[in-house]
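Residues per chain, in single letters:
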Amino acid sequence: MSFSFQACKMVLTSEQVPQTDAQTLKSKHKKQRQRNRPRNKRNRLEDSNTTTPETSATDAASAMPGKQDAVATEKTRDQVMAEREAKKLAKQAKKQKNATTSTAAAPAPPTASTTVSPTPATPATKIITEVEQTTITTKLTTTTTTKVQDAVVSKTTQPAAVNGKDAEAGDKTREQIKAEREAKKAAKKAGKGGGAKVEGVSQQMADLKVAEQVPVPANAAPAATEADQEKKKPALSKAERRAIQEAQRAAKAQGQTKKAQPAGKAPPTAVPKEPKRESVSPTKAAASSSPSKCPASTPNGDCRVKLFNHLVCAKEDSQFINDPLVHPSIARLGVQYARRTVVGSNARCIAFLHALRQVVHDFETPAKKEFGRSLDAAVKHHVDHLHKCRPLAVSVSNAYKQFKNQLTQLPADVPETELKELLVHFIDTYIENQIGKAAQAISGFLQEKITDGDVLLTFACSSLIQFICEEAKRRQVAFRVIVVDSRPGCEGQELLRRLHANGIPCTYVLINAVGYVMAEATKVLLGAHALLANGYVMARTGTAQVALVANAHNVPVLVCCETHKFSERFQTDAIVYNELSDPNQLVRGDKCQLSNWAAKGKLLPLNLSYDITPPELVSAVVTEVAILPCTSVPVILRIKPDIGY
């Protein structure tokens, strides 16, 4: 069969040569009409039926490139890659068949009057090769396994079915192409699951390729539909995925709570991730080690206030251990911090610097180590210990940053004793300039504002306010002081004792009576724990209430604060960062309703240490630089040495 087929092809190619001019012109006109007509399946069938015997070979040869172009326009990337490989295989097959085709064409009997010359054998071979090439190309685009490729190659070796398959490959409809693609997806999905499914799907694909009108196999249809459904699923955004995760976590936590409650046990945690949450420490060095959560000490987890879960308070007996790496002066200071023996921003800063000076004096550099780096690591460990006892004040954190900056500027070729002297001198200078002389400068600015007959109202206890009042007494100014105090600390009693010892007339009231005495006041002098970068004043709890009442009575409010208490932190409320004091301080005695509060359910006394006063309630801030508005804090931070505070 292959021999006669090749011979017929050679005869057709040989008969194409002696065409007349009329036939050539007629074929050109016909081709022009076919190009102008819409290219659909019906027109192609009509053109093939009306083809004359004389021009059948010529039309078939000329229509083949156009047909391939029409098919090529609908080819995908995978088909293009498959065609390239098919061309390579066709070239190799052509080289191997050159010898066989020449021998097969020689004994063919002539069927026409014209003699068969050896030159027409080349186009016949070319036509057969193109047919094989197109068949291999279409087969390679649909195969997914090597078994399917072997089946396709075996089918292309049958010469009787070559023309039929070639025509079927060119006349595929859009539905058949979609069905083939779905079968490919199903084959890939089945290939991941097992090898048995691959063989079945590949056999179905081969049958689908051969038969033009055969629909998609029933076995592959469910898999294809599943693949389509997966493809049609919309991709979730990052926010949607996060919301789903949060909902799953909440459901899991709720399920654990329901399981624990029937057994009579309290749920382990009200918030699943609570142990990982830490307070915002003023220093980066102490951020990793924060005191324990205050609600954790309560036996009932249900009495926690979720709004203040991130705030911390130290236990009085948690850090008092014999640590060989902690200097005795630092250990003693930690105990004083935790028991509130040393209170006040300036007092805590001075005590810290004195203890630090003792650490520097007793420090010994390890063997083969550098003095500056070794001392920096040791001081960092001590600061972490102090932060565990009680969160560091802003003044303490700023002093620690200044000390670290001084360590980086130490010369390298100086003996260790001289380096220690430099550091001790820096500590003494810092205390003198930043605290002592700053207080004198602030007092000098305020002495011009205090006149005879003034009534100064202050809140709680401030060493700076005490110094200003004593200076005014030395100047023999006739004035009196109203000390407003609040529970549970009642720190105003200490200020009252000191002022009375200096012979200054004073009046002592609690904060609930501030509205009655505010009408008598001419000026309100307030101390500060820190001054934030956005102009808000962080001070003892109750300061904001006093400033609000003074603003309602049109009494000027002056905040006295040194620049070493300025902070770069922004804060507009007392919830973001604060310090929790011992809740038991709110219990006045055995007859108090809060006595034995830990045994009562759903009860937790909240004892905040600081509050935030907005700049709208403050008339001015008195610093050692000048009397400034609250909004000038960033300016002071900018003119200070650029060391990060």
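Note on numbering: residues in each chain are counted from 1, in written sequence order. Per-residue local features of the predicted model are confined to residues with pLDDT of at least 70, and side-chain atom pairs are confined, for both listing and counting, to 80 or more; whole-chain, interface and lining totals are unaffected and use all residues. In computing side-chain properties, one takes all heavy atoms of the structure into account and sets aside hydrogens as well as water.

Enquirer: Mind showing me how you'd approach the overall build of the protein chain here?
Expert: Helices and strands together make up the secondary structure of the protein chain, namely 22 helices and 10 strands. The buried label goes to any residue with under 20% of its type's maximum accessible area, the exposed label to any with over 50%, and the partly exposed label to all in between, with areas taken from a 1.4 Å probe on protein chains only. For the protein chain, with 645 residues in total, the buried portion stands at 40%. We call two residues in contact whenever any of their non-hydrogen atoms come within 4.5 Å of each other. Long-range contacts, defined here as pairs at least 24 residues apart, represent 78% of the contacts in the protein chain between residues at least 6 apart. By the criteria applied, helices consist of DSSP H or I runs no shorter than four residues and strands consist of E runs no shorter than two, each listed in order from the N terminus.

Enquirer: What is the right way to read the sheet that holds strand β2 (residues 479-485) from this model?
Expert: Hydrogen bonds between backbone groups are what pair the strands of a sheet, and the pairing can be parallel or antiparallel. Taking strand neighbours across the sheet as the criterion, the 7 strands line up as β3-β2-β1-β4-β7-β9-β10 in an open arrangement whose pairing is mixed. Either end of the sheet is taken by a strand with one partner, and the two such strands are β3 (506-510) and β10 (627-628). Pairing between strands is defined by DSSP: at least two bridges between them are needed. The sheet contact formed by β2 and β3 spans 5 bridges and is parallel. Of the residues in β3, the one forming a bridge with Val 483 is Tyr 508.

Enquirer: Teacher, can you tell me more about a positive patch on the surface here?
Expert: Taken together, the side chains of Arg 77, Arg 84, Lys 87, Lys 88, Lys 91 and Lys 95 make up a positively charged region of the molecular surface. Mapped onto the fold, Lys 91 is located in helix α5 (residues 77-105). Since its relative accessible area comes to 59%, Lys 91 is described here as exposed. A patch consists of residues exposed above 30% relative accessible area that lack any salt bridge, with like charges linked at up to 9 Å and nonpolar side chains (Val, Leu, Ile, Met, Phe, Trp, Tyr) linked at up to 5 Å. Residue-level accessible areas treat just the shown protein chains as cover; the underlying method is Shrake-Rupley with a 1.4 Å probe. Just to be clear on terms, a salt bridge is a Lys or Arg side-chain nitrogen sitting within 4 Å of an Asp or Glu carboxyl oxygen. The positive count covers Lys and Arg only, the negative count covers Asp and Glu only, and His and the chain ends enter neither. All charge positions are set by atom: Lys at NZ, Arg at CZ, Asp at CG, Glu at CD.

Enquirer: Looking at this structure, I do not really get the nonpolar core. What am I missing?
Expert: In globular proteins that are soluble, nonpolar side chains generally tend to be buried together. Residues Phe 352, Leu 353, Leu 375, Phe 403 and Leu 423 are the most contacted members of the largest nonpolar core, which totals 35 residues. Among the secondary structure elements, those contributing two or more residues to this core are α13 (328-338), α14 (345-362), α15 (371-389), α16 (394-408) and α17 (416-447). Examining the composition of this core, we find that 8 residues originate from one element, α14, more than from any other. Discounting chain neighbours no more than four positions away, the residues touching Leu 423 are Val 360, Phe 371, Leu 375, Phe 403, Gln 406, Leu 407 and Leu 410. By nonpolar core we mean a set of buried residues, namely Ala, Val, Leu, Ile, Met, Phe, Trp, Tyr and Cys, connected to one another through side-chain atoms within 4.5 Å. Among the nonpolar cores identified, the runner-up in size contains 22 residues, and Ile 442, Cys 469, Ile 504 and Val 622 belong to it.

Enquirer: Explain the sheet that holds strand β8 (residues 610-613) here, please?
Expert: Ordered by their spatial adjacency, 3 strands build an open sheet running β5-β6-β8, and the pairing between neighbours is antiparallel. The sheet is open, and its two edges are formed by β5 (530-531) and β8, each paired on a single side. As paired strands, β5 and strand β6 (residues 537-540) are joined by 2 bridges and run antiparallel to one another. Each residue of the ladder has a partner; that of Leu 531, found in β6, is Val 537. Each axis is a line fitted through C-alpha atoms, taken for helices only over the stretch in contact, and angles between the N-to-C directions span 0 to 180 degrees. Helix α21 (residues 543-552) contacts β6 and β8 of the sheet and is inclined by roughly 30° relative to β8.

Enquirer: Even after reading the chapter, I still don't get the pairing of strand β4 (residues 523-526), so can you show me in this structure?
Expert: Two faces belong to every sheet, and in a regular strand the side chains alternate between them. What you see with β4 is no split at all: Lys 523 and Leu 525 on one side and Val 524 and Leu 526 on the other are buried throughout. One ladder, built from 2 bridges, connects strand β1 (residues 454-459) with β4; its direction is parallel. Residue Leu 457 lies in a different strand from β4, and its bridge partner there is Val 524. Note that β4 and strand β7 (residues 557-560) share 3 bridges and pair parallel. Its bridge partner lying in β7, Leu 525 is registered against Leu 558.

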